[in-house]
Amino acid sequence: MIENSVLPELVNASSERWFAVDWMSQDRRTLFRLANPVGYQRLHFGTQRSGTDKWSTVRVGTPERFMTRAPETYEQFLVAAQVFVCAFEGT
């Protein structure tokens, strides 16, 4: 597991159908979300600018960079999310 001290705060945004985490940009103007549909080895990355309720979302092209199989629990997803966030944030 990656040290939380090098990561932004990851907030559990999961639902019955999705494992997900949210985190804020350093300037606090953009909310990021990484999500995984339960039962699949897929990742979706989204952004939402402050002052709007609209999301811009893309599917991550190579989820196997961050997970070796479909996560079965939020905790397994969180490990993949931490790796993704480290790569995204450049830490």
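Shown above is the structure to which this text applies.
Just so you know, these numbers come straight off a predicted model, no measurement behind them.

J.: Quick question: what am I supposed to make of the packing of aromatic side chains here?
T.: Think of a pair of aromatic rings as described by two things: how far the centres are apart, and how the planes are tilted against each other in angle. This structure, assessed with the given rule, holds 11 aromatic pairs. With 4.9 Å between their ring centres and 50 degrees between their planes, F45 and F88 make a pair best called tilted. On the criterion of sequence distance, the pair formed by F45 in strand β4 (residues 44-49) and F88 in helix α1 (residues 74-89) is long-range, its members being 43 residues apart. Site record: aromatic cluster; members linked through ring pairs are W23, F32, F45, F66, F84 and F88.

J.: In this structure, what is going on with the sheet that holds strand β3 (residues 30-37)? I would like to understand it.
T.: Within a sheet, neighbouring strands are paired by backbone hydrogen bonds and run either parallel or antiparallel to one another. The 5 strands lie next to each other as β1-β2-β3-β4-β5, forming an open sheet whose pairing is antiparallel. Two strands close off the open sheet at either side, each with one partner strand: β1 (11-12) and β5 (56-59). The strands that α1 touches are β1, β2 (18-24), β3 and β4; relative to β2, the one it contacts most, it runs at about 35 degrees.

J.: Sorry if this is basic, but what is going on with α1 here?
T.: Residues that lie three or four places apart on an α-helix share one face, since the helix turns once every 3.6 residues. In a regular helix each residue adds 1.5 Å, so 16 residues correspond to 22 Å; α1 covers 21 Å between its end C-alpha atoms and thus fits that length. Looking at α1, one finds that the buried residues are Y74, F77, L78, A80, A81, Q82, F84, V85 and C86. Looking at the buried positions of α1, the neighbouring elements they touch are β1, β2, β3 and β4. Among the residues trailing α1, G90 stands out with phi positive, at a value near 75 degrees.

J.: What is the right way to look at the pairing of β3 in this model?
T.: Residues in a regular strand point their side chains to alternate faces of the sheet. Of all 8 residues that make up β3, 7 are buried, and the element is covered over most of its length. Of the pairings in the sheet, the one linking β2 to β3 comprises 7 bridges and is antiparallel in character. Counterpart to A20 in the pairing with β3 is A35. Where β2 hands over to β3, the hairpin turn is made up of 5 residues, of which R28 adopts a positive phi near 65 degrees.

Conventions we followed
- Residues numbered from 1 in each chain as written.
- Predicted model: local features only at pLDDT ≥ 70, side-chain atom pairs only at ≥ 80, totals over all residues.
- Heavy atoms only, no water.
- Phe/Tyr/Trp six-rings, centres within 6.5 Å; stacked < 30°, edge-to-face > 60°.
- Helix = DSSP H or I, 4+ residues; strand = E, 2+ residues; numbered from the N terminus.
- Pairing = 2+ DSSP bridges.
- Contact = heavy atoms within 4.5 Å.
- Axes fitted to C-alpha atoms, helices over the stretch in contact; angles between N-to-C directions.
- Expected span 1.5 Å × (residues − 1).
- Buried < 20%, exposed > 50% of the residue type's maximum accessible area, 1.4 Å probe, protein only.

Just distances and angles here, no functional claims.
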